[in-house]
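Summary of the model geometry
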Amino acid sequence: MGVSKSRQDTGGRLWFVAAALLALPLCLDATSDPDLWWHLRLGQWIVDNHAVPHTEFFSYTANGAPLVAHEWLSELLFWSVHSAVGLAGLAILLGLATWSGLLALALIARARGASGFVAGVVLLLGAKAMQPITGTRPQMFTFALLCWSLFLLDRHLRRGGRAIWILAPLVLLWANLHAGFAVGLGVVAIAIAGGVLDATWRHRPDPVKLRRLGTATGALLLAAAAALLNPNGVDLYRYALLGSTPAAHQLIQEWQPPNFATLEMLPLALLIVATALSMALNRRRLRPSQVVLAVIGVAAALLAVRNIAIAVALLSPSLAELLPIRYRLPSRRLALPAIALAAGAAIVVTAVVRLSVDTETRALAKRLPVCLLLHLQATNHPVRLWLPYAESGYAVYQAWPQVHVYAYGNDAALGAGVIVDYVRVAAGAVDDPSALQLLRDSNTDAVITPAGRLANELQGAGWTKVAQAHDHTLFVAPALTPMPALTCPGL
């Protein structure tokens, strides 16, 4: 006996909910982004001073340089949530924001006719493809708000109405959370242009759709104007368009093109290939806007790992709509989707528990130079510290204002020169300007570094080896006051 349509729909919905639950743990990551820590510290500064900073003050190499605090509202939110519910609670909030973006993409696909089963499969694939860049970071707000902007546009083109005007307050919020709003405006503009192609492709123009596209264009222009309501004014647009300094890209893996020889990039490759094959197999159903957005998404992802989120946002709805897979519920029971649903719920609970354990002080001390920073703080006088880029944000969080760092994640404020010099120090360069010369010229009086060339250079130049924790060693310059022996209880 065949399965009734209602039971088939119920099975599809159960599979979708199960897939959504399975995707949520992929969106949870508390500490993989080293910038988290200085974002928290800057958020605390904003709360304490009731102001948004406009000059750099965490580093000593660029102290007083102009600063565009384009993530100020994210940082304020980070610190407020962290103070209220801890780091695990903050990670869950950002995970839910990322997850909501994936749900928005699934809603677009469902509105275009994708089954619950297929929408769930694509949602899960998108979450896995994004996992290398997912974390507790302001960029996740950009992903979520981009997805919801595309949802508003898709809904307006199908149904009309006034909801498209929500885009203006949404972008106003977005512009104060993260400078990625500018990319979002560009993507929405391209999607509107693709809609114009759809309305005029191979047939007479659709006046209703063209009128809706005109309304969407007006909403987009209003949103672009609303973005000027931020503490930096038009400078925020300049920052968003100029982006990060090219010199900093060599320090950050996510600015590099994806390496498809690694397993973590396999889901992205699968997303791209599946989308291309689905489009090739459904040429008659294919719309010009789908091709345009897919090309933009793939090009962005191939340019840099950090752009995988854009690819997921632009490819997922079309893949779910065109994917030639049909789920058929077994004739007897809804057991399989129900089991998947229960498994998804159990995995979510397990992920939350693990997140709580990973954010405990002991766990953090195994990955971060907590004890070595305590040694520096015991000196009770200002310290200029060079340490690896990945740990510098935590040094700002734990030890500023007593400790200032050489370089950290806010590379746009530091400038290309500081980043280039940082790289030379990290490499233990001996040719002019050598690592030791750069440290001396910048009045650096403490260094935390792993074993290697730089550590050897420091020892040879008379720097004192004070303490060691895990694979990192703290050296201090000969002129620095000797530090007392210090243990790290509870770490």
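See the structure shown above.
Residues numbered from 1 in each chain as written. Predicted model: local features only at pLDDT ≥ 70, side-chain atom pairs only at ≥ 80, totals over all residues. Heavy atoms only, no water.

For the rest of this paragraph, the subject is the overall build of the protein. On a plain count of helices and strands, the protein comes out with 20 helices and five strands. In terms of C-alpha radius of gyration, the protein reaches 25 Å, essentially the compact-globule figure of 23 Å for 491 residues. By principal-axis analysis of the C-alpha atoms, the protein measures approximately 80 × 50 × 45 Å. Counting only residues that meet the buried cut, the protein has 53% of its 491 residues in that class. Surface exposure of the protein reaches about 21,700 Å², of which carbon and sulfur atoms provide 62%. With 36 positive and 26 negative side-chain charges, the protein shows a separation of 20 Å between the mean positions of the two kinds. (Helix = DSSP H or I, 4+ residues; strand = E, 2+ residues; numbered from the N terminus. Rg over C-alpha atoms; globule rule 2.2 N^0.38 Å. Buried < 20%, exposed > 50% of the residue type's maximum accessible area, 1.4 Å probe, protein only. Areas by Shrake-Rupley, 256 points an atom, 1.4 Å probe, with all protein chains shown as cover. Lys, Arg positive; Asp, Glu negative; His and termini not counted. Charge placed at Lys NZ, Arg CZ, Asp CG, Glu CD.)

As a further point, take the sheet that holds strand S5 (residues 472-476). Strands sit in the order S2-S1-S3-S5-S4 across an open sheet of five strands; the sheet is mixed. Strands with a single pairing partner mark the edges of an open sheet, and in this sheet they are strand S2 (403-405) and strand S4 (464-469). For this sheet the average axis-to-axis angle between neighbouring strands, irrespective of direction, equals 25°. Bridge count for strand S3 (residues 446-450) against S5 is five bridges, and the pairing is antiparallel. What sits directly across from Pro450, in S5, is His472. (Pairing = 2+ DSSP bridges. Axes fitted to C-alpha atoms, helices over the stretch in contact; angles between N-to-C directions.)

Another point: the environment of Leu303. Position of Leu303 among the secondary structure elements: in helix H11 (residues 288-303). Sequence-distant contacts of Leu303, defined by excluding residues within four places in its chain, comprise Trp255, Gln256 and Pro257. (Contact = heavy atoms within 4.5 Å.)

Turning our eyes to something else, we now look at a nonpolar patch on the surface. Residues Val349, Val353 and Val357 make up a contiguous nonpolar surface patch of roughly 250 Å² in combined accessible area. Here Val349 shows up in helix H13 (residues 335-358). Under the relative-accessibility criterion, Val349 is labelled exposed at 52%. (Patch = residues over 30% accessible without salt bridge, like charges linked within 9 Å, V, L, I, M, F, W, Y side chains within 5 Å. Salt bridge = Lys/Arg side-chain N within 4 Å of Asp/Glu carboxyl O.)

Here the focus is unusual backbone geometry. The residue after Trp400, namely Pro401, is reached through a cis peptide bond having omega 15°. Relative to the helices and strands, Pro401 is located in the loop between helix H16 (389-399) and S2. Here Asp432 and Pro433 are connected by a cis peptide whose omega angle stands at -10°. By secondary structure assignment, the location of Pro433 is in the loop between helix H18 (416-426) and helix H19 (435-441). At His50, a residue that is not glycine, the phi angle is positive and equals roughly 50°.

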